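Residues per chain, in single letters:
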Amino acid sequence: MANSSSLMVTGSVALDTLETPFGSSSEVLGGSASHFALTASHFVPVQMVGVVGTDFPDEHLALFRDRGIDVTYLAVEEGETFRWHGRYEGPMGEAETLEVQLNVHENFSPSFGDDPPSPDVLFLGNISPGFQREVLEGLGDRPGIVAADTMKLWIETQRQELTDVLSDIDLFFLNWEEALLLGDSDSTLKAAQNIREEGPSIVVVKKGEHGAIAFSENQTFAVPGYPLEEERDPTGAGDTFAGGVMSVLSRENELTPELLRIGLVLGTVTGSFAVESFGPGGMKNLTAEKLRDRVENYFEVSGLDERLRNRLWEMLPE
Ligand code: AMP
């Protein structure tokens, strides 16, 4: 990890209740920032900004600390933690949100004190765009690379605030359906172009098991999904994907076309572990050996350039 720049993430830190065809579980660790940070912690040092309530189990805080995640800016406020109740039916793609309770997030503003941090790379995970902006503006210096993610709820209810965030970021991640909605087109390419016109020079469209496509000014680059026998719970796959991508960019502290490609590969591989188990189980139980095996398989399946494989190989934990 010696070369890494500093990576900061914000977003939701949640207790999730999940219903899938494979079973249900309640009050499991969730939230965009949690999934992202648990992933990135395998590759680079990561710092988390967010808030939980006094009901947030100590074991989850202990897990963050055990994984080396810096929780200095994870506030514990009187009240209840953010909660999300989601259901997946049929072929598992989009979750149906049955209930979302912002709880302590509702009136919380991030506070960095008199000497605010200046991370090199920032990921604004899925949370209200107003909160994303507050984090970005509260930092000492603007990070060299700023990326964000969002979801349908915020596109539908806080579009103007989201547009303001877009004008300040370099890289934007969103699901395919969300891209068409926000980009106001039935064509993925046109939707991505429309979103790029709002600010981010790169738009990454996530297509679940079908992989992901990155759109930038001079190139469009697609990576296939990793074929899996069983998808148990897609919750957090998007944040785990982004965690893989941003780990590569943070490790090298650069946003080049080649690093983006390598990032998309690592994101696809980490995302595949996320959907195989419930909640954050995939990233909690990831080992260097499992990761290396899957990266190797992925390059065989995808036929992607050997040079990318060799560069990524150097970045994997031993
Ligand atoms: P994903 O990677 O898109 O599957 O993200 C899943 C996580 O998003 C879950 O663990 C939820 O806790 C969290 N989540 C759901 N709804 C929201 C929301 N409106 N804002 C922020 N986070 C959310």
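It should be emphasised that the depicted structure is a prediction, and the values quoted were computed from it without experimental measurement.

Chemist: I'd like a rundown of the sheet that holds strand 9 (residues 145–149), residues and numbers included.
Modeler: Strand order across the open sheet formed by 9 strands is 5-4-1-8-9-10-11-12-13, with mixed pairing between neighbours. Only two strands of the sheet have a single neighbouring strand rather than two, namely strand 5 (70–77) and strand 13 (220–223). Recorded for the sheet is a direction-independent mean angle of 15 degrees between the axes of neighbouring strands. Note: strand 1 (residues 7–10) against strand 8 (residues 121–124), 4 bridges, orientation parallel. Considered in strand 8, the bridge of Thr10 is made with Leu124. Its contacts with the sheet place helix 1 (residues 32–40) against strand 1, strand 4 (46–53) and strand 8, and it is angled at close to 160 degrees to strand 1.

Chemist: Quick rundown of the packing of helix 11 (residues 288–302) against helix 12 (residues 306–315)? Include the residues and the values.
Modeler: When two helices pack together, their arrangement is captured by the angle between the axes and the distance separating the axes. Running from N to C, helix 11 and helix 12 point in directions that differ by 170 degrees, and their axes come no closer than 11 Å. Here helix 12 runs roughly antiparallel to helix 11, going by the angle between their axes. From helix 11, Arg292, Val295, Glu296 and Phe299 reach across to helix 12, where they touch Leu308, Arg309, Leu312 and Trp313. Of the residues assigned to the contact of helix 11 with helix 12, the class counts are 5 nonpolar, no polar and 3 charged.

Chemist: Describe the packing of aromatic side chains, listing the residues and the values that go with them.
Modeler: By the definition in use, this model includes 8 aromatic pairs. Residues Phe173 and Phe241 carry aromatic rings whose centres are separated by 6.1 Å and whose planes lie at 80 degrees to one another, so their mutual orientation is edge-to-face. Here Phe173, found in strand 10 (residues 171–175), pairs with Phe241, found in helix 8 (residues 237–252); they are 68 residues apart in sequence, far enough to count as distant. The residues Phe173 and Phe241 share a single accessibility class, namely buried. Note on Tyr298 and Phe299: the rings are 6.3 Å apart at their centroids and 85 degrees apart in plane angle, and the pair reads as edge-to-face. Note on Tyr298: relative accessible area 0%, which makes it buried.

Chemist: Report on the sheet that holds strand 6 (residues 82–87), specifying residues and quantitative values.
Modeler: Read from one edge of the open sheet, 4 strands run 3-2-6-7, paired in mixed fashion. Pairing within the sheet leaves two strands with one partner each, and these edge strands are strand 3 (23–30) and strand 7 (96–101). The sheet shows a mean angle of 15 degrees between the axes of neighbouring strands, taken without regard to direction. Note: strand 2 (residues 14–20) against strand 3, 6 bridges, orientation antiparallel.

Chemist: Which residues make up the nonpolar core, and what are the values?
Modeler: It is characteristic of soluble globular proteins that their nonpolar side chains tend to be buried jointly. Core analysis: the largest hydrophobic core is formed by 60 residues, its most contacted members being Met48, Phe64, Leu171, Phe173, Val204, Met246 and Leu264. Sort the elements by how many residues they give to this core and helix 9 (residues 257–276) lands first, with 8 residues. Excluding anything up to four places from it in sequence, Val204 contacts Leu171, Phe172, Phe173, Leu174, Ala212, Ile213, Ala214, Phe241 and Leu264. Among the nonpolar cores identified, the runner-up in size contains 37 residues, and Leu18, Phe82, Val146 and Ile213 belong to it.

Chemist: Before we move on, could you go through the pattern of salt bridges and cite the residues and values that matter?
Modeler: Here the structure, examined in full by the defined rule, presents 17 salt bridges. For the salt bridge of Arg87 with Glu96, the shortest nitrogen-to-oxygen distance reads 3.4 Å. Between Arg292 and Glu318 there is a salt bridge whose closest N-O contact spans 3.9 Å. On the criterion of sequence distance, the pair formed by Arg292 in helix 11 and Glu318 in the segment after helix 12 is long-range, its members being 26 residues apart. Residue Arg292 is classed as buried on the basis of its relative accessible area of 17%. A single salt-bridge network, built from bridges that share partners, covers Arg251, Glu252, Glu258, Arg307 and Arg311.

What counts as what
- Residues numbered from 1 in each chain as written.
- Predicted model: local features only at pLDDT ≥ 70, side-chain atom pairs only at ≥ 80, totals over all residues.
- Heavy atoms only, no water.
- Pairing = 2+ DSSP bridges.
- Helix = DSSP H or I, 4+ residues; strand = E, 2+ residues; numbered from the N terminus.
- Axes fitted to C-alpha atoms, helices over the stretch in contact; angles between N-to-C directions.
- Contact = heavy atoms within 4.5 Å.
- Parallel < 35°, antiparallel > 145°, perpendicular 65-115°, else oblique.
- Nonpolar A, V, L, I, M, F, W, Y, C, P; charged D, E, K, R; others polar.
- Phe/Tyr/Trp six-rings, centres within 6.5 Å; stacked < 30°, edge-to-face > 60°.
- Buried < 20%, exposed > 50% of the residue type's maximum accessible area, 1.4 Å probe, protein only.
- Core = buried A, V, L, I, M, F, W, Y, C linked by side-chain atoms within 4.5 Å.
- Salt bridge = Lys/Arg side-chain N within 4 Å of Asp/Glu carboxyl O.

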